[in-house]
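# Structure at a glance
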Amino acid sequence: MIIKKLVVGPLENNCYSIADEITKETLVIDPGDEPDRILELINENNFKVKYILCTHAHLDHVGAVPDIKKETGAKIVIHRDEYEIYKRASEQAAIWGYELDPLPEPEIFISDGDKLEIGNLKLEVLHTPGHSPGGICLYGEGILITGDTLFAGSVGRTDFYGGDIEKLKRSFKRLMSLSNKVKILPGHGPESTIGKEKESNFFFYEI
Ligand SMILES: [Zn+2]
Ligand SMILES: [Zn+2]
């Protein structure tokens, strides 16, 4: 498994490319901004992008979807409960003061328990609402992609449209039930592990 991370845009979103070493089939996660840098990384590594997955549809996770879609033709994947926010990306952009064309329609709506196959890699969808209604994590191959549900030392805000603190608590508990060794790749900030978060995440002591 190859994991490449780029930190993109003013909100410093982590955009991950996860590729199967042999087939070079690739999943691009949360292309939020700076499409040229993301495409350069894809081309440099000869990645064949199969899916573009958004852990949720806040602007900092979807802003570069149109360009990556155009250049790679990969299928766009989101959770159905996130569609409403996804459709309103241009409105989100206007609030931040810039223009964004409407996003291309998603081709695949995923649900809890679905599996994405990228070459020989298998990642399972965990629906983890709370930060946003259709927020998901991806789990498998020893890693957990957490979007804005879980960060090193903290969790995502719940004061945006569709946020829900009670749901976030349930999602957090579910993630903490995974093995301590699982490596966390969050939507912002540094990596962590489930074990570390059990010791140091402030939210662990609040629920
Ligand atoms: Zn977010
Ligand atoms: Zn974010």
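This text gives an overview of the structure that appears in the document. None of the values given here were measured: they were computed from a predicted structure.

## Focus on the overall build of the chain
- In terms of regular secondary structure, the chain is built from 7 helices and 14 strands.
- A globule of 207 residues ought to have a C-alpha radius of gyration of about 17 Å, and the chain, at 16 Å, matches this closely.
- If one aligns the C-alpha atoms of the chain with their principal axes, the spans along those axes are about 45 × 40 × 30 Å.
- The buried share of the chain, reckoned over its 207 residues, is 51%.
- The contacts of the chain with a sequence gap of at least 6 include a subset with a gap of at least 24, amounting to 60%.
- For the chain, the separation between the mean place of its 24 positive charges and that of its 34 negative charges on side chains is 6 Å.

## Quick word on the coordination of the zinc ion (ligand 2)
- Here the zinc ion (ligand 2) is held by the protein donor atoms D60 (OD), H61 (NE2), D148 (OD) and H188 (NE2), which lie 2.1 to 2.2 Å from it.
- Around the zinc ion (ligand 2), the 4 donor atoms are arranged such that angles at the metal cover 87 to 155 degrees; this shape is classified as irregular.
- Sequence spacing of the donors to the zinc ion (ligand 2): D-H-x86-D-x39-H.
- Here the zinc ion (ligand 2) and the zinc ion (ligand 1) are spaced 3.6 Å apart, with D148 acting as a shared donor. Here H61 is found in helix 2 (residues 59-62), whereas its partner D148 is found in the loop between strand 10 (143-147) and strand 11 (150-151), with 87 residues between them in sequence.

## Observations regarding the pattern of salt bridges
- A complete count under the given rule lists 9 salt bridges for this structure.
- When the shortest N-O distance is used, the salt bridge between E25 and K50 registers 3.7 Å. Of this pair, E25 sits in strand 3 (residues 25-29) while K50 sits in strand 4 (residues 48-53), and the two are 25 residues apart along the sequence.
- With relative accessibility at 28%, the residue K50 sits in the partly exposed group.
- Among the ionic pairs, E84 bridges to R88, the shortest N-O distance being 3.6 Å.
- For E84, a relative accessible area of 42% gives the class partly exposed.
- Taken together, the salt bridges that share partners define one network made up of E84, R88 and E91.

## Some thoughts on a negative patch on the surface
- A cluster of acidic residues, D36, E40, E44, D67 and E71, forms a negative patch on the protein surface.
- When residues in the negative patch are grouped by element, the largest group, 3 residues, is from helix 1 (residues 35-44).
- Along the chain, E40 falls in helix 1.

## A short note on the environment of P104
- With respect to the helices and strands, P104 occurs in the loop between helix 5 (89-95) and strand 6 (108-110).
- Each C-alpha atom, one on P104 and one on D67, is 9.8 Å from the other, the two residues being 37 residues apart in sequence.
- Excluding its chain neighbours within four sequence positions, the residues that come into contact with P104 are V65, P66, K69, I76 and Y86.

## A look at the environment of I3
- In this structure, I3 sits in strand 1 (residues 2-8).
- For I3, a relative accessible area of 31% gives the class partly exposed.
- Counting along the chain gives 102 residues from I3 to E105, while the straight-line C-alpha distance between them is 26 Å.
- When neighbours within four sequence positions are excluded, I3 is seen to be in contact with Y16, S17, I18, I143 and L185.

Cut-offs applied
Residues numbered from 1 in each chain as written. Chains lettered and ligands numbered in written order. Predicted model: local features only at pLDDT ≥ 70, side-chain atom pairs only at ≥ 80, totals over all residues. Heavy atoms only, no water. Helix = DSSP H or I, 4+ residues; strand = E, 2+ residues; numbered from the N terminus. Rg over C-alpha atoms; globule rule 2.2 N^0.38 Å. Buried < 20%, exposed > 50% of the residue type's maximum accessible area, 1.4 Å probe, protein only. Contact = heavy atoms within 4.5 Å. Lys, Arg positive; Asp, Glu negative; His and termini not counted. Charge placed at Lys NZ, Arg CZ, Asp CG, Glu CD. Donors = N, O, S within 2.8 Å, 3.2 Å for Na, K, Ca; no water. Tetrahedral: all angles 85-135°; square planar, octahedral: opposite > 155°, others 65-115°. Salt bridge = Lys/Arg side-chain N within 4 Å of Asp/Glu carboxyl O. Patch = residues over 30% accessible without salt bridge, like charges linked within 9 Å, V, L, I, M, F, W, Y side chains within 5 Å. Areas by Shrake-Rupley, 256 points an atom, 1.4 Å probe, with all protein chains shown as cover.

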